[in-house]
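Listed below are the residues making up each chain.
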Amino acid sequence: MNQHERTAFFSFLETAVRQADPEVATALASERRRENEGLELIASENFVSPAVLAAMGSVMTNKYAEGYPATRYYGGCEFVDVVEELARNRAKQLFGCDHANVQPHSGAQANMSVYLATCQPGEVVFGMDLSHGGHLTHGHPLNYSGKTFKVVHYLVRQDTETIDYDALRDLARQHRPKLIVCGASAYPRTIDFKLIADIAHESSSMVMADIAHIAGMVAVGLHPSPVPHCEYVTTTTHKTLRGPRGGMVMCKAELAEALDKAVFPGVQGGPLMHIIAAKAVAFAEALQPVYREYIVELLENAKVLCASLQEFGWRMVSGGTDTHLMLINLGADGISGKKAEDRLGKAGITVNKNTVPFDTRKPYIGSGVRIGTPAVTTRGMGRNEMKTIAKLIDRVLRSEDEAVWAQVKGEVEELARAFPLYGQV
Ligand code: DSN
């Protein structure tokens, strides 16, 4: 799409909404401006292509399609069947898995489907502790996973802040869990999925790898894949994979029938066919060589941004990054993650506060900030911009002066203007 076509595309969408609902239209335009003018460094966010956006905004939102291609509970499914088959086949090609279910509405529902397919209430499940990098759905006490199963959390080592695989093996021998959940939402290092699967299988446990954050790297072979080793692999489709907001589960062929039943009718009703169409488009994009180049660039950007922040004296959890994300440990005596997030937000830099391993602050306050490069890399930013961003972050975090934050905001807007997103607002 050239610039002229992009402008026409957005003008069509926004005019249609404005005529029906000016209040929503104003919020949409403001959000587009916010995305365009700021620096998006939330590690789980990205910017989809106009093609993915268009598929999401398509007529397939009108269709009910409970069931699976060729075995639906509704008539008129011949075209939604086409897109679901395309999405499934492209997912299989992208990840080399036997089977893919592309219907989960989210990562949480993808994970819930696997729990339903594998475990009975009260059985023992392992997950990495949330403040050590895990996820709510990996057994947090306030989440259905923590409420339904007997959860044992494994941790990172205090010295290296990397997963303590030895302690995990000891715990597995002791508890013999039904399922070991691995994968993370705030862990900057490569995960040894083969080792975790070996540990699990020694104890007759199954493994679910949640690759929501690292799916893009796994797809292009720049993070070791869990697919050959783990019974189930779940992901979201909107992070490094750069597709629509949604989820997916992959599994071995012999587990496919039970998994499909767990997704529908187990956890969900009608699939979101417009989102599945957009997943098919995103997977086609991810199969192109240019997507691999994007992932190479995103990883390089993360390394440069992390090293530059370290040069300014910021301490990084685990001492660096192998992935798209990094965590600054602001220290128990430093400003809190919440303060850092608020302050950076005032400067037009969007990050999220995060707990760090062995944090003494509560999760809503936290002692860390999580930073990622997927979105800024999609805009076309490279190494020089990462060095500039590190400088801007450093200035904001070290200053109590609102005038400094406002000055940085001006510089952020200038930088963002050089990398327009979806055309100028
Ligand atoms: N909320 C997502 C993240 O930011 O990592 C995980 O679900």
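See above for the structure.
Attention here is on the structure that accompanies the text.

Calculation rules
Throughout, a residue's number is its position along its own chain's written sequence, starting from 1. For a predicted model such as this one, the threshold for reporting local features is a pLDDT of at least 70, and the threshold for listing and counting side-chain atom pairs is 80 or more; totals across whole chains, interfaces and linings nevertheless cover every residue. Neither water nor hydrogens contribute to the side-chain values; these are computed over all heavy atoms in the structure. Secondary structure follows DSSP: runs of H or I at least 4 residues long count as helices, runs of E at least 2 residues long count as strands, and numbering of each begins at the N terminus. For every residue, the accessible area obtained with a 1.4 Å probe (protein chains only) is divided by the maximum for its type, and the residue is called buried under 20%, exposed over 50%, and partly exposed between those limits. Here Asp and Glu are counted as negative and Lys and Arg as positive; His is not counted, and neither are the chain ends. We define a salt bridge as a side-chain nitrogen of Lys or Arg found within 4 Å of a carboxyl oxygen belonging to Asp or Glu. Here a polar contact is taken to be a pair of N or O atoms separated by no more than 3.5 Å, where protein atoms must pair a possible hydrogen donor with a possible acceptor and residues adjacent in sequence count only if both atoms sit in side chains. Think of it this way: a Phe, Tyr or Trp ring, Trp meaning its six-membered ring, pairs with another when their centres are within 6.5 Å, and the plane angle makes it stacked under 30 degrees, edge-to-face over 60, tilted otherwise. Two conditions define a charge sitting above a ring: the NZ of Lys or the CZ of Arg must be within 6 Å of the ring centre, and it must be within 35 degrees of the ring normal.

1. Quick look at the side chain of R242
Inference 1: Mapped onto the elements of the fold, R242 is located in the loop between β9 (232-236) and β10 (247-251).
Inference 2: One buried charge, R242, has no salt-bridge partner; the nearest side chain with opposite charge is E285, at 5.5 Å.
Inference 3: Looking at R242, its side chain comes within polar contact range of the side chain of T378, at 3.0 Å.

2. Re the pattern of salt bridges
Think of it this way: side chains of opposite charge can pair up when their charged atoms draw near.
Inference 1: Counted according to the given criterion, the structure contains 22 salt bridges.
Inference 2: One salt bridge in this structure joins E161 and R315, with 2.9 Å as the shortest N-O distance. Residue E161 is found in the loop between β6 (150-154) and α7 (165-175), and its partner R315 is found in strand β11 (residues 315-316); the two are separated by 154 residues along the sequence.
Inference 3: A residue is classified by how much of its surface remains accessible, and E161, at 8% relative accessible area, is buried.
Inference 4: Here the salt bridges share partners, and the residues they tie into one network are E31, R34 and E40.

3. A closer look at unusual backbone geometry
Inference 1: A cis amide bond links F264 to the next residue, P265, at an omega of 10°.
Inference 2: Structurally, the position occupied by P265 is in helix α10 (residues 256-267).
Inference 3: Phi at E161 takes a positive value of approximately 60°, unusual for a residue other than glycine.
Inference 4: Phi at S318 is positive, roughly 70°, even though this residue is not glycine.

4. As for the packing of aromatic side chains
Inference 1: Throughout the structure, instances matching the rule amount to eight aromatic pairs.
Inference 2: Here Y115 and Y144 contribute two aromatic rings whose centre-to-centre distance is 5.9 Å and whose plane-to-plane angle is 80°, an arrangement assigned as edge-to-face. Residue Y115 is found in helix α5 (residues 107-118), and its partner Y144 is found in helix α6 (residues 144-148); the two are separated by 29 residues along the sequence.
Inference 3: Residue Y115 is classed as buried on the basis of its relative accessible area of 1%.
Inference 4: Pairwise contacts between aromatic rings join F9, F10 and Y422 into one cluster.
Inference 5: It is R242 that lies over the ring of Y294; its NZ or CZ is 3.9 Å from the centre.

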